[in-house]
Amino acid sequence: MLISKKTNLLLAMAGAAVLMAGSPVLAQDAAPVPAAAEATEAAPAEAAPAPAAGEDPTSLNEAVSGGHGGQSLTPITMFLIAHPVVKVVMIGLVLASVFSWTLLLIKILELGALNRKTDRFLEAFRGTRTIADMRRVATSEEFDGNPLADMAAAATEEIELSRQAGLSVTGEHRDASIGRAQTAVSAVQSSVALRLSGGQQFLASVGSGGPFIGLFGTVYGIMNSFIGIAESNTTNLAVVAPGIAEALLATGIGLFAAIPAVIFYNYFNTRIAAYGVRADGFIAELLNGISRQLDKGA
């Protein structure tokens, strides 16, 4: 009987120990959470800062990701995301720059060929001895279209027309004949100046107006960016910087088009002026030769 009571007491104590081991409080004390796991669970909560007062959460997310969906800003990207008005300005300036470079190549080739043909004509002209020889050289197909040859042809043709009209071109009428020849040369000279200056007006327009056209695109783009800032209700630099950068790109393209145009304009002006001085010298040489031949009675 005594043994049976001792056995029941032992079983009751064992059951109480099992119940205490399964208690939630004791289970937590028995199995503590590792510090590394606690740090891992706390990290996501710290990585997502709460938006500031009055700031759009969507705009903040774009700022964190780099703005514009995380795209890297390149000139092509800025052009693609630019406002349509700014795009039109950029395209116009790029086309103006292309035309300027094309005009550069055309005029360099034109002026180079013109000087070479002029050298050959002067060499042939200075070998003539009579007004008829001058007219023959000036009207030859080899020098067709050369400005100096056209001047010589106009002067000698005026002398020939005066003779055909029965007018005296020598003696006391020599000065009148030379005056008519000089007038014919001046008419050709004015047309030559107009021909050589072709394209200069375009270069001057691009050089003077390119920066202002680009500035217009910049002002419009920045104005549009500030409107976007007001609508998104954020001043985060990562959000507003792309819009300002694409606007400033218009000014950069304007300068890119204007600077070469100004350089080309000054360069061609110098070469045209040099040819004009050469033409003035030839006119004096031509009229002296005609006057000498008229004094000889030729």
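Residues numbered from 1 in each chain as written. Predicted model: local features only at pLDDT ≥ 70, side-chain atom pairs only at ≥ 80, totals over all residues. Heavy atoms only, no water.

## Some remarks on the overall build of the protein chain
Consideration 1: From N to C terminus, the protein chain includes 11 helices and zero strands.
Consideration 2: Starting at the N terminus and ending at the C terminus, the protein chain contains elements arranged as α-α-α-α-α-α-α-α-α-α-α.
Consideration 3: Accessible area of the protein chain: about 17,700 Å², with a carbon and sulfur share of 66%. (Helix = DSSP H or I, 4+ residues; strand = E, 2+ residues; numbered from the N terminus. Areas by Shrake-Rupley, 256 points an atom, 1.4 Å probe, with all protein chains shown as cover.)

## Brief notes about the side chain of Asn146
Consideration 1: By secondary structure assignment, the location of Asn146 is in the loop between helix 7 (131–138) and helix 8 (147–164).
Consideration 2: What makes Asn146 buried here is its relative accessible area of 1%.
Consideration 3: Sequence-distant contacts of Asn146, defined by excluding residues within four places in its chain, comprise Leu114, Lys117, Thr118, Phe121 and Tyr275. (Buried < 20%, exposed > 50% of the residue type's maximum accessible area, 1.4 Å probe, protein only. Contact = heavy atoms within 4.5 Å.)

## Regarding the environment of Leu103
Consideration 1: Summarising the element assignment, Leu103 is placed in helix 6 (residues 84–125).
Consideration 2: A relative accessible area of 16% means that Leu103 is categorised as buried.
Consideration 3: With 96 residues separating them in the primary sequence, Leu103 and Gly199 have C-alpha atoms 7.1 Å apart.
Consideration 4: When residues no more than four places from it in sequence are discounted, the contact partners of Leu103 are Gly199, Phe202, Leu203 and Phe268.

## Thoughts on the environment of Ala181
Consideration 1: Mapped onto the secondary structure, Ala181 falls in helix 9 (residues 174–196).
Consideration 2: Residue class for Ala181 comes out buried when judged on its relative accessible area of 0%.
Consideration 3: The sequence separation of Ala181 and Thr156 amounts to 25 residues, and the corresponding C-alpha distance is 7.2 Å.
Consideration 4: Look past the residues within four positions of Ala181 in its chain and what remains in contact with it is Ala155, Glu158, Ile159 and Leu287.

## Regarding the side chain of Ser97
Consideration 1: Relative to the elements of secondary structure, Ser97 occurs in helix 6.
Consideration 2: Among all residues touching Ser97, those that are not within four sequence positions of it are Phe256 and Ala257.

## Observations regarding the packing of aromatic side chains
Consideration 1: Summed over all chains, the structure comprises eight aromatic pairs.
Consideration 2: Measuring from centroid to centroid gives 5.4 Å for Phe121 and Phe143, while their planes differ by 75 degrees, and the two rings are edge-to-face. Of this pair, Phe121 sits in helix 6 while Phe143 sits in the loop between helix 7 and helix 8, and the two are 22 residues apart along the sequence. Of the two residues examined, Phe121 and Phe143, each falls in the buried class.
Consideration 3: An aromatic cluster is present here, built from Phe121, Phe125, Phe143 and Phe282 joined pairwise through their rings.
Consideration 4: Stacked on the ring of Phe268, the Lys or Arg Lys107 has its end atom at 5.8 Å from the ring centre. (Phe/Tyr/Trp six-rings, centres within 6.5 Å; stacked < 30°, edge-to-face > 60°. Lys NZ or Arg CZ within 6 Å of the ring centre and 35° of its normal.)

## Considering helix 10 (residues 200–232)
Consideration 1: Taking 1.5 Å per residue, 33 residues should reach 48 Å; helix 10 reaches 47 Å between its end C-alpha atoms and fits that length.
Consideration 2: In helix 10, a bend of some 45 degrees at Gly209 exceeds every other bend along the element, and Pro211, a proline, comes one to four places later.
Consideration 3: Just beyond helix 10, the residue with positive phi is Asn233, at close to 60 degrees. (Expected span 1.5 Å × (residues − 1). Bend = angle between axes of the 7 residues up to and from the residue.)

## Quick word on the pattern of salt bridges
Consideration 1: Evaluation of the coordinates by the stated rule reveals five salt bridges.
Consideration 2: Among the salt bridges present, the one from Arg278 reaches Asp119, with a minimum N-O distance of 2.1 Å. Of this pair, Arg278 sits in helix 11 (residues 237–295) while Asp119 sits in helix 6; the two residues are 159 residues apart in sequence, bridging distant segments of the chain.
Consideration 3: Judged by its relative accessible area of 29%, Arg278 falls in the partly exposed class.
Consideration 4: Take Asp119: its relative accessible area is 39%, and that puts it in the partly exposed class.
Consideration 5: Taking the shortest distance from any N to any O, the salt bridge between Arg180 and Glu158 comes out at 3.7 Å. Remark: Glu158 occurs in helix 8 and Arg180 occurs in helix 9; sequence separation between them is 22 residues. (Salt bridge = Lys/Arg side-chain N within 4 Å of Asp/Glu carboxyl O.)

## Some thoughts on the nonpolar core
Consideration 1: Among the nonpolar cores identified, the biggest contains 44 residues, and Phe121, Leu148, Met151, Phe282, Leu286 and Ile290 are the most heavily contacted of them.
Consideration 2: Elements with a minimum of two residues in this core: helix 6, helix 7, helix 8, helix 9, helix 10 and helix 11.
Consideration 3: Considering every element that reaches this core, the biggest residue donor is helix 11, with 13 residues.
Consideration 4: Sequence-distant contacts of Leu286, defined by excluding residues within four places in its chain, comprise Phe125, Met134, Met151, Ala152, Ala155 and Val185. (Core = buried A, V, L, I, M, F, W, Y, C linked by side-chain atoms within 4.5 Å.)

## What to know about a nonpolar patch on the surface
Consideration 1: Together, Ile91, Val94, Leu95, Val98, Phe99 and Phe202 make up an exposed nonpolar region whose accessible area comes to about 520 Å².
Consideration 2: Among the elements that take part in the nonpolar patch, helix 6 stands out by supplying five residues, more than any other.
Consideration 3: Among the residues examined, Phe202 registers a relative accessible area of 32% and is labelled partly exposed. (Patch = residues over 30% accessible without salt bridge, like charges linked within 9 Å, V, L, I, M, F, W, Y side chains within 5 Å.)

## What about the packing of helix 6 against helix 8?
Consideration 1: At a closest axis distance of 8 Å, the pairing of helix 6 and helix 8 adopts a crossing angle of 40 degrees. Viewed along their axes, helix 6 and helix 8 adopt a mutual orientation that is oblique. Judged by residue contacts, Leu114, Thr118, Phe121, Leu122 and Phe125 of helix 6 engage Pro147, Leu148, Ala149 and Ala152 from helix 8.
Consideration 2: Of the residues in the contact of helix 6 with helix 8, the class split is eight nonpolar, one polar and no charged. (Axes fitted to C-alpha atoms, helices over the stretch in contact; angles between N-to-C directions. Parallel < 35°, antiparallel > 145°, perpendicular 65-115°, else oblique. Nonpolar A, V, L, I, M, F, W, Y, C, P; charged D, E, K, R; others polar.)

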